[in-house]
Amino acid sequence: MAERLVILSDMWGGKKGLWIASYLGYLQQYYDITYYDIQELANIDVVVGTDENIHRAFVEGGIETGVAHLLNKETVPAHYLGFSTGGTIAWKAGLQNLPMKSLYTVSSTRTRTEENKPNCNVKALFGDKDLFRPKLNWSEKLDVNTDIIGGFGHTMYTDEKIISKVCLDLLNNVIHKNQKMQVQKMQVQVA
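Below is a summary of the structure that appears in this document. (Residues numbered from 1 in each chain as written. Predicted model: local features only at pLDDT ≥ 70, side-chain atom pairs only at ≥ 80, totals over all residues. Heavy atoms only, no water.)

Right, let's get into the sheet that holds strand S6 (residues 145–149). Across the sheet, which stays open at both edges, the 6 strands sit in the order S2-S1-S3-S4-S5-S6 with parallel pairing between neighbours. The open sheet is flanked by strand S2 (31–36) and S6, the only strands paired with a single partner. Going across the sheet, the axis of each strand differs from the next one's by a mean of 15 degrees, ignoring polarity. Note that strand S5 (residues 121–127) and S6 share 5 bridges and pair parallel. Paired with Ala124 across the two strands is Thr146, which belongs to S6. (Pairing = 2+ DSSP bridges. Helix = DSSP H or I, 4+ residues; strand = E, 2+ residues; numbered from the N terminus. Axes fitted to C-alpha atoms, helices over the stretch in contact; angles between N-to-C directions.)

See the structure below:
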């Protein structure tokens, strides 16, 4: 049975999300995937869809709405992958006991103000040119496995190199688990 992976988009959702197809293409063979357009999850409906207006809508209640809806929709333990604000929504839901096996965030800079992390393995990826990434002591304080990728800014998750890295990290997780299960089965058969 495939592991469940819940993917949360960036603030643009499907509107500028052609890059998400690359993630789905790599991962759907190995995971049972549920995808959320976080504008829909958070009931964001702005008349003029500028960066500023969409960002403001999330900060002024959209993040909390997205967290509440995610908590209502997801009741089975899963792995989570969130991009930018999507990662923040997953993080905050994890703090409210969303059943998480792991959380992988990419460019989720709003997490920099968090003082606690979800009760699971958390990996965070940031570009070194992202002005709003957390300070190094943040990851140490919260025990978050953090990678800072040189030469990339906030929207690095749309770049094919980062897509490959994230997918390889997630696929290694599945392969490692499958190998461990096979070894356990062999041990049972021998006993």
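Here we take up the side chain of Ser102. Summarising the element assignment, Ser102 is placed in strand S4 (residues 100–106). On the basis of relative accessible area, Ser102 is assigned to the buried category, the value being 11%. Among the polar contacts listed, one links the side chain of Ser102 to the side chain of His79, at a separation of 2.6 Å. Leave out the neighbours within four places in its chain, and Ser102 touches Ala78, His79, Tyr80, Cys120, Asn121 and Asn173. (Buried < 20%, exposed > 50% of the residue type's maximum accessible area, 1.4 Å probe, protein only. Polar contact = N/O pair within 3.5 Å; in protein donor to acceptor, adjacent residues only side chain to side chain. Contact = heavy atoms within 4.5 Å.)

Residues Arg110, Arg112, Arg133 and Lys135 make up a contiguous surface patch of positive charge. Note that Arg112 resides in the loop between S4 and S5. Exposure remark for Arg112: the relative accessible area of 33% places this residue in the partly exposed category. (Patch = residues over 30% accessible without salt bridge, like charges linked within 9 Å, V, L, I, M, F, W, Y side chains within 5 Å. Areas by Shrake-Rupley, 256 points an atom, 1.4 Å probe, with all protein chains shown as cover. Salt bridge = Lys/Arg side-chain N within 4 Å of Asp/Glu carboxyl O. Lys, Arg positive; Asp, Glu negative; His and termini not counted. Charge placed at Lys NZ, Arg CZ, Asp CG, Glu CD.)

Here we take up unusual backbone geometry. If you check the backbone angles, Asn97 has positive phi at about 70 degrees while not being a glycine. Mapped onto the elements of the fold, Asn97 is located in the loop between helix H4 (85–95) and S4. Residue Ser107 is not a glycine yet carries a positive backbone phi of 60 degrees. With respect to the secondary-structure elements, Ser107 resides in the loop between S4 and S5.

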